[in-house]
Amino acid sequence: MDIDTLQGLRRCPLFNGLTESEIIDLMHKVRYRVVRCCKGEFHAIEGSVCQYADIIIQGEMVASMMGPSGRIIRVADHQSGKLLAPAFFFASDNQYPVTVEATTDTTVFRLMPADLEKILSHDPRLMMNYIKILSNVVSHLTKKVRMLSMSVREKVILYLEEQIRLQQSKDVLLPFSRQELADHFGIQKYSLQRCLNELKQEGAILVEGRHVKVLSCHPSGGTAGHT
């Protein structure tokens, strides 16, 4: 196993608490291979069968799905260390609910589900880490469903509140472009821009490119969490 692959596995929450030598020993017990995806290549198509337990070693991927209105909804962004579709390769209905596309040249570490089951059974730390990963997936999807039922204004305010917590600052650097952020919300780009302009006119935010200075998270006209 090369150093890049090992470092990618160490970034995966599945291996939290394990040393490099322990990870290497585990991999000697199973079959695996390294798969490479070029930028723009589809790793999985919505509705296809989830056959493998894949971990991103290097690169980035984005998961998206078609919303009820025909809009593409950006569901999640996946970086190095991400275990892809952990809730589906053991499921009875193991079809991908999303399309996964490589946004950079990406390297993936691939196990068969049976081999993943083998190492989960071998070390209780891995089993607990896997349970935590599944719990975080449920939490993320719950928030996503909640967001889809909100107005554009509520989605933007909630997102800014979350970014303030994550970045520990009211000077927020948006990680996405306007189009990517609109896809994240499942809305049109012009709807997002109109909302930002309204919040700016109300004195709630200052906007310069991807930088947003939040002056008030609860401007007039409602707050996140109220529909």
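Predicted model, so just to flag it, every value in this text is computed and none were measured. Here the residue index of a chain counts from 1 through its sequence in written order. Selection of residues for local features in this predicted model requires a pLDDT of at least 70, selection of side-chain atom pairs for listing and counting requires 80 or more, and totals for whole chains, interfaces and linings are taken over all residues. To get the side-chain values, take all heavy atoms of the structure and skip hydrogens and water.

1. With respect to the packing of aromatic side chains
For step 1, the next point in the chain: Centres within 6.5 Å are what make two rings of Phe, Tyr or Trp a pair, Trp counting through its six-membered ring; a difference in plane orientation under 30 degrees is then read as stacked, over 60 as edge-to-face, and the rest as tilted. Scanning all chains against the criterion turns up four aromatic pairs.
For step 2, the next point in the chain: Summarising the aromatic geometry, the rings of F90 and Y130 are spaced 6.1 Å apart at their centres and angled 80° between planes, so their arrangement reads as edge-to-face. Placement of F90 in the loop between β6 (83–84) and β7 (99–102) and of Y130 in helix α4 (residues 124–148) is noted, with a sequence separation of 40 residues between them.
For step 3, the next point in the chain: We call a residue buried when its accessible area falls under 20% of the maximum for its residue type, exposed when it is over 50%, and partly exposed in between, using a 1.4 Å probe and counting protein chains only. Look at Y130 and you get buried, because its relative accessible area is 6%.
For step 4, the next point in the chain: A connected cluster of aromatic rings, assembled from ring pairs, spans F89, F90 and Y130.
For step 5, the next point in the chain: In this arrangement the basic side chain of R33 is found over the ring face of Y52, its NZ or CZ atom lying 5.9 Å from the centre. Working definition: helices are DSSP H or I runs of at least four residues, strands are E runs of at least two. Numbering for both runs from the N terminus. A ring has a charge above it when a Lys NZ or an Arg CZ is no more than 6 Å from the ring centre and no more than 35 degrees off the ring normal.

2. Topic: the sheet that holds strand β4 (residues 61–66)
For step 1, the next point in the chain: With respect to topology, four strands assemble into an open sheet ordered β2-β7-β4-β5, the strand pairing being antiparallel. In the strand order of this sheet, the two ends are held by β2 (42–44) and β5 (72–78), each with one partner. With strand direction ignored, the average angle separating the axes of adjacent strands in the sheet is 30°. For two strands to count as paired, DSSP must find a minimum of two bridges between them. Note on geometry: axes are lines fitted to C-alpha atoms, helical ones only across the stretch in contact, with angles between N-to-C directions running from 0 to 180 degrees.

3. Some points on the nonpolar core
For step 1, the next point in the chain: To form a nonpolar core, buried Ala, Val, Leu, Ile, Met, Phe, Trp, Tyr and Cys residues must be joined to one another through side-chain atoms within 4.5 Å. Core analysis: the biggest nonpolar cluster contains 39 residues, and L14, F15, M27 and I119 have the highest contact counts within it.
For step 2, the next point in the chain: Ignoring any residue separated from it by four or fewer positions in sequence, one finds M27 in contact with M1, L9, F15, Y32, F109 and I119.
For step 3, the next point in the chain: The next biggest cluster of nonpolar side chains, apart from the first, holds 22 residues, and it includes Y159, F176, A182 and A204. Any two residues whose heavy atoms approach within 4.5 Å are treated as being in contact.

4. Considerations on the side chain of R178
For step 1, the next point in the chain: Here R178 shows up in helix α6 (residues 178–185).
For step 2, the next point in the chain: Buried and without a salt bridge, R178 has E180 as its closest oppositely charged side chain, separated by 9.6 Å.
For step 3, the next point in the chain: From its side chain, R178 meets the backbone oxygen of G209 in a polar contact 2.9 Å long.
For step 4, the next point in the chain: With residues up to four places along the chain from it excluded, the contact list for R178 reads K189, L192, Q193, L196, V207, G209 and R210. Neither His nor the chain ends contribute to the count of charged residues, in which Lys and Arg are positive and Asp and Glu negative. The term salt bridge refers to a pairing of a side-chain nitrogen on Lys or Arg with a carboxyl oxygen on Asp or Glu at a separation within 4 Å. Polar contacts, as counted here, are pairs of nitrogen or oxygen atoms within 3.5 Å of one another; within protein the pair requires one atom able to donate a hydrogen and one able to accept it, and residues that are adjacent in sequence qualify only if both atoms are side-chain atoms.

5. A few points about the packing of helix α5 (residues 152–167) against α6
For step 1, the next point in the chain: One way to put it is that α5 packs onto α6 with a least axis distance of 11 Å and a crossing angle of 110°. Judged by the inter-axis angle, α5 sits roughly perpendicular to α6. When α5 is examined against α6, the residues K155, V156 and Y159 are found in contact with a partner set consisting of L181, H184 and F185.
For step 2, the next point in the chain: Throughout, the ten residues Ala, Val, Leu, Ile, Met, Phe, Trp, Tyr, Cys and Pro are labelled nonpolar, Asp, Glu, Lys and Arg are labelled charged, and all others, Gly among them, are labelled polar. Across the contact of α5 with α6, the residue classes tally to four nonpolar, one polar and one charged. Each angle receives one of four descriptions, namely roughly parallel if under 35 degrees, roughly antiparallel if over 145, roughly perpendicular if within 65 to 115, and oblique otherwise.

6. Re α4
For step 1, the next point in the chain: Multiplying one less than the number of residues by 1.5 Å gives the expected span of a helix. If you check α4, its first and last C-alpha atoms are 37 Å apart, about what 25 residues at 1.5 Å a residue would give, namely 36 Å.
For step 2, the next point in the chain: Buried within α4 are the following residues: L126, N129, Y130, I133, V137, K144 and M147.

Just distances and angles here, no functional claims.
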